[in-house]
Amino acid sequence: RWFGPGQAGDYGAFNCDSPLLLLENLLQHIAQNFPKLDYVIFTGDVPAHNIWNQTREDILDAISLVGDLFSKYLPRTKFYPAMGNHESSPVNSFPPPFVTGHNSHQWLLQGVAKDWGRWLPESTIPTIEKGGYYMA
């Protein structure tokens, strides 16, 4: 989303989130020009930064959509994802495991464990579900 004067173009503008078109074109370029990458470290921060407008479902959908694009364009590349500070709702909220119920972020941990399972060994799922971390 663009917060500056005028309109952002199809590929975005300074101070706006990267549009999906930009990400898809980037991944197409990487796939065509660097087909033998050893691995990708993806640092997250996927959801849009209009944080007041994001639901938990929106966040998980965005994470899955970006993952689908990486899988589409770099299907044979090892992929190591991480969560950024905007993955949680409310933003920057990563409560410790003893916080349960609606105030926990178990919804996020279970969602990314399910999504990241396409790239990571099954042995990583318990620690992702516990605290969003893994060793591969």
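Note: the structure precedes this text.
(A) Just the overall build of the protein, in detail. What the protein contains, in helices and strands, is 4 helices and 2 strands. Taken from the N to the C terminus, the helices and strands of the protein come in the order α-β-α-β-α-α. Projected onto the principal axes, the alpha-carbon positions of the protein cover approximately 45 × 40 × 15 Å. Out of the 136 residues belonging to the protein, those deemed buried represent 32%. In the protein, the proportion of contacts linking residues at least 24 apart, taken out of those at least 6 apart, comes to 59%.

(B) Local environment of the side chain of Asp17. With respect to the secondary-structure elements, Asp17 resides in the segment before helix H1 (20-33). On the basis of relative accessible area, Asp17 is assigned to the buried category, the value being 18%. Among the polar contacts made by the side chain of Asp17, one reaches the side chain of His49 at a distance of 2.5 Å.

(C) Summary view of a nonpolar patch on the surface. On the surface, Tyr11, Leu21 and Leu22 cluster together into a nonpolar patch covering about 250 Å² of accessible area. The exposure class of Leu21 is partly exposed, given its relative accessible area of 36%.

Reading guide: rules and limits
Numbering of residues starts from 1 in each chain and follows the order in which that chain's sequence is written. Confidence filtering applies because this is a predicted model: local features only for residues at pLDDT of at least 70, side-chain atom pairs given and counted only at 80 or more, and all residues used for totals across whole chains, interfaces and linings. Heavy atoms from the whole structure form the basis of all side-chain values; hydrogens and water molecules are not counted. Note on conventions: DSSP H or I runs of at least 4 residues are helices, E runs of at least 2 residues are strands, and numbering of each starts at the N terminus. Each residue is placed in one exposure class: buried if its accessible area under a 1.4 Å probe, protein chains only, is under 20% of its type's maximum, exposed if it is over 50%, and partly exposed if it falls in between. We call two residues in contact when some of their heavy atoms are within 4.5 Å. Identification of polar contacts relies on pairs of N or O atoms within 3.5 Å, with a donor-acceptor requirement for protein atoms, meaning one able to donate a hydrogen and the other able to accept it, and with residues adjacent in sequence counted only if both atoms are side-chain atoms. Two distance rules govern patches: like charges are joined within 9 Å, and nonpolar side chains (Val, Leu, Ile, Met, Phe, Trp, Tyr) within 5 Å, applied only to residues with over 30% relative accessible area and no salt bridge. The accessible surface values rely on the Shrake-Rupley method and a 1.4 Å probe; as for residues, cover is taken only from the protein chains in view. For this document, the term salt bridge refers to a Lys or Arg side-chain nitrogen within 4 Å of an Asp or Glu carboxyl oxygen.

Worth remembering: the numbers are spatial, not functional.
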